[in-house]
Amino acid sequence: MEPMDIVGKSKEDASLPKATMTKIIKEMLPPDVRVARDAQDLLIECCVEFINLISSESNDVCSREEKRTIAPEHVLKALEVLGFGEYIEEVYAAYEQHKLETMDTIKGGKWSNGAEMTEEEALAEQQRMFAEARARMNGGASIQKQSELDPSLES
């Protein structure tokens, strides 16, 4: 890949956060294994190149379908085209897990999953969040009982 293969950026401008990548690398290895700094740098460069390769092929797949936005299915097809078909199932599972984990995030003031909460569910969630905030403010010293969080549990 040439230094200007990344649209509008030189190769030196495209990188991944070293601290995050180092953490990922160390988490994947046994605790007694050390990794030389130049080996870490090489692994990071390999990750950047892999991302560039998948992105480029995903764009090609997207263009062949006359689409303007790369969708997850374009990325999965790119993995297959590039010979990484054995990873598609695991990548798709990770994608589905990511969707589940981010489903309840607020986007533009609305729940991104489009589902409405009942008033009781919203109240329970609000009380849970208030209790967590109180616990953080009190240094975790005052954690409320479940019956205080949900009055329906009282006898």
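Nothing here was measured: the structure is a model prediction, and the numbers come from that model.

Asker: Before we move on, could you go through the overall build of the chain and cite the residues and values that matter?
Answerer: Of the regular secondary structure elements, the chain holds six helices and two strands. Along the chain, helices (α) and strands (β) appear in the sequence α-α-α-α-β-β-α-α when read from the amino end. Relative to its 155 residues, the chain shows a buried fraction of 15%. Counted over contacts in the chain with a minimum sequence separation of 6, partners at least 24 positions apart contribute 29%.

Asker: Got a sec to walk through a nonpolar patch on the surface? Specific residues and values, please.
Answerer: A cluster of nonpolar side chains, contributed by Phe50, Ile51 and Leu53, occupies part of the molecular surface with about 240 Å² of accessible area. With respect to the secondary-structure elements, Phe50 resides in helix H2 (residues 37–64).

Asker: Account for the layout of surface pockets, with residues named and values stated.
Answerer: Volume-wise, the largest pocket comes out at about 250 Å³. For the largest pocket, the full set of lining residues is Cys47, Phe50, Ile51, Ile54, Ser55, Ser58, Val91, Ala94 and Tyr95. Broken down by secondary-structure element, the contributors of at least two residues to the lining of the largest pocket are H2 and helix H4 (88–102). The biggest single contributor to the lining of the largest pocket is H2, with six residues. Broken down by class, the residue content of the lining of the largest pocket amounts to seven nonpolar, two polar and no charged. When we break the lining of the largest pocket down by domain, the ones giving at least three residues each are domain 1 (11–83) and domain 2 (86–138).

Analysis parameters
- Note that residues are indexed from 1 along each chain, following the sequence as it is written.
- Side-chain atom pairs in this predicted model are given and counted only at pLDDT of 80 or more, local residue features only at pLDDT of at least 70, and totals for whole chains, interfaces and linings cover all residues.
- Where side-chain values are given, they derive from all heavy atoms of the structure, hydrogens and water being excluded.
- The secondary structure listing takes helices from DSSP runs of H or I that are at least 4 residues long and strands from runs of E that are at least 2 residues long, numbered from the N terminus.
- Only protein chains enter the accessibility calculation, which uses a 1.4 Å probe. A residue is then buried if its area is under 20% of the maximum for its type, exposed if over 50%, and partly exposed in between.
- Contact criterion: two residues are considered in contact whenever any of their non-hydrogen atoms come within 4.5 Å of each other.
- Residues qualify for a patch when their relative accessible area is over 30% and they have no salt bridge, like charges being joined within 9 Å and the nonpolar side chains of Val, Leu, Ile, Met, Phe, Trp and Tyr within 5 Å.
- Accessible areas in this description were obtained via Shrake-Rupley with a 1.4 Å probe; residue shielding takes into account the shown protein chains only.
- Salt-bridge detection follows one rule: a side-chain nitrogen of Lys or Arg within 4 Å of a carboxyl oxygen of Asp or Glu.
- Cavities and pockets were defined on a 1 Å grid built over protein atoms only: a cavity is a set of grid points that admits a 1.4 Å probe from which the probe cannot escape, a pocket is an open set flanked by protein on both sides within 12 Å along at least five of seven lines, and lining residues are those with an atom within 4 Å of any such point.
- Grid points are joined across faces, edges and corners, and a volume is the space filled by probe spheres set on the points.
- The nonpolar class holds Ala, Val, Leu, Ile, Met, Phe, Trp, Tyr, Cys and Pro. Asp, Glu, Lys and Arg form the charged class, and all remaining residues, Gly among them, are polar.
- Here the bounds of each domain stem from an automatic or database domain assignment.

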